Each structure stands twice: as C-alpha cells, then as structure tokens.
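Single-letter residue listing:
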Amino acid sequence: ESGVVRSHAIEVIVKTKRRELMPQVLKLLSDNQIHVRFSAGVAVGDMEYTAGEYTIKPILADANPNARIAAAYAFVRLGKSEYVKQIRDAAKNPDQTVRANAALLLGKLGDKNNVDLLYEVMRDLDSTDKVKFQAVESVARLGDENIYKDKLWAMLISKFADDRVMGI
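From a predicted model like this one, the values you see are computed outputs, not experimental measurements.

## Description of the side chain of Asp62
Next up, step 1: Tracing the backbone shows Asp62 in the loop between helix H4 (53–56) and helix H5 (65–77).
Next up, step 2: If we skip the residues at most four places from it in the chain, Asp62 touches Arg37, Ala67 and Arg68.

Laid out in structure tokens, this is it:
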C-alpha cells in the first residue's frame, strides 16, 4: 500500500539485479505516486532493460517532469544518447526536486562532460541545499577531485551530522 515501500522494493530489485522482477517494475511506471514512477523509470535504465523500452516510451510525455527525466535516463542507458538533453535541461528547472533529480541522473550516467553543468547547478543561487548536495555527490561520482577540497571538506566538518554522513 505504501509508495515508499514500493520505491524501496524497486531499488532492491535493481541492487540485487533480479531481472525476472522487472515486469512488475514496469507496471509501476503507471503508479499514482511520482516517486514510484521515477524509481521505476530509473530502474529500467539501471538494469538496461531493453524489454521495457516500449512501456517506458509514453512516460516521456508524462505530466510530471520527474517522470519524464527518469524515462529520458532509461533511454540514454538503452543507447539513445539524444535524450540526455532533457536531463541536462532539467538541471536548470525552477522546481528544486526536478533539479535535484536531474543532478542525480547526470551523475549516474557517468559522463564527465556533465561536471561543468553540475558545478553550475551547485553555484546557482536559486539552488536549494538538497540540489547542491546532490550536485556535489554527482560530481564526486564522476571522479572530479576538485570537489573534495572545495565542497566535501566543508561537509565533513559541518556541525550537522547529516551533512557529515553525506560528505563521507
């Protein structure tokens, strides 16, 4: 019944690489909760589940931009690199959740060409803390060593335990 549990279940399926459960994940692309649809779309990409290509295509026109960028991510992971533009554009979306999710996906794509955009998002005065933290994590994931001295060090010495854990 819980959307949070459904989202976590999707993450477990991806982490454990249980491809036989992907048909159930595809059904969750039409869930009424956006975070479940987002997780399902990302799962199709993370698993490089080509059988889900037909099912995820309509999500590119979803009313919610978070679902759309999850679908774009899936298509990029399935070899259709032209969809990366949607994710890059979403990194400048005024909606902070969309912006943070785009930063997450840019890091997961593993393309170091996105580092400059992530720094731009991080330095944008309109970006909230959750966006900045996600951009920092994605830059670190992409292997840019400058992030360690510029941003991660500040997180490690923060008075807030959550910031320190994210820095680690």
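## Concerning the packing of helix H3 (residues 34–46) against H5
Next up, step 1: Between H3 and H5, the least distance of the axes is 7 Å, while the angle of their chain directions is 5 degrees. Here H3 lies roughly parallel to H5, going by the angle between them. Between H3 and H5, the residues in contact are Ile34, Arg37, Phe38, Gly41, Val42, Val44, Gly45 and Asp46 and Asn66, Ala67, Ile69, Ala70, Tyr73, Ala74 and Arg77, respectively.
Next up, step 2: Classifying every residue of the contact of H3 with H5 by side-chain character gives nine nonpolar, three polar and three charged.

## Brief notes about the pattern of salt bridges
Next up, step 1: If you walk through the whole model with that rule in mind, you get 11 salt bridges.
Next up, step 2: The closest approach of N and O atoms between Glu20 and Arg18, which form a salt bridge, is 2.4 Å.
Next up, step 3: With a shortest N-O distance of 2.9 Å, Lys92 and Glu120 are connected by a salt bridge. Of this pair, Lys92 sits in the loop between helix H6 (84–90) and helix H7 (96–109) while Glu120 sits in helix H8 (residues 115–123), and the two are 28 residues apart along the sequence.
Next up, step 4: Look at Lys92 and you get partly exposed, because its relative accessible area is 48%.
Next up, step 5: Here Glu120 falls in the partly exposed class, since its relative accessible area comes to 43%.

## A few points about helix H1 (residues 3–15)
Next up, step 1: With 13 residues, H1 extends 18 Å from end C-alpha to end C-alpha; this agrees with the ideal 18 Å at 1.5 Å per step.
Next up, step 2: If you check which residues of H1 are buried, you get Gly3, Arg6, Ser7, Ile10, Ile13 and Val14. Seen along its axis, H1 keeps its buried residues to an arc of 120 degrees; they face one direction. For H1, the exposed residues set more than 90 degrees away from the buried face come down to Val5, Val12 and Lys15.
Next up, step 3: The inward-facing, buried residues of H1 contact helix H2 (22–27) and H3.
Next up, step 4: Where H1 starts, the residue carrying a side-chain oxygen 3.2 Å from the main-chain nitrogen of Val4 turns out to be Ser2.
Next up, step 5: Looking one or two residues past H1, Lys17 carries a phi angle of roughly 55 degrees, positive in sign.

Thresholds applied
Residues numbered from 1 in each chain as written. Predicted model: local features only at pLDDT ≥ 70, side-chain atom pairs only at ≥ 80, totals over all residues. Heavy atoms only, no water. Helix = DSSP H or I, 4+ residues; strand = E, 2+ residues; numbered from the N terminus. Contact = heavy atoms within 4.5 Å. Axes fitted to C-alpha atoms, helices over the stretch in contact; angles between N-to-C directions. Parallel < 35°, antiparallel > 145°, perpendicular 65-115°, else oblique. Nonpolar A, V, L, I, M, F, W, Y, C, P; charged D, E, K, R; others polar. Salt bridge = Lys/Arg side-chain N within 4 Å of Asp/Glu carboxyl O. Buried < 20%, exposed > 50% of the residue type's maximum accessible area, 1.4 Å probe, protein only. Expected span 1.5 Å × (residues − 1). Arc of directions from axis to C-beta. Polar contact = N/O pair within 3.5 Å; in protein donor to acceptor, adjacent residues only side chain to side chain.

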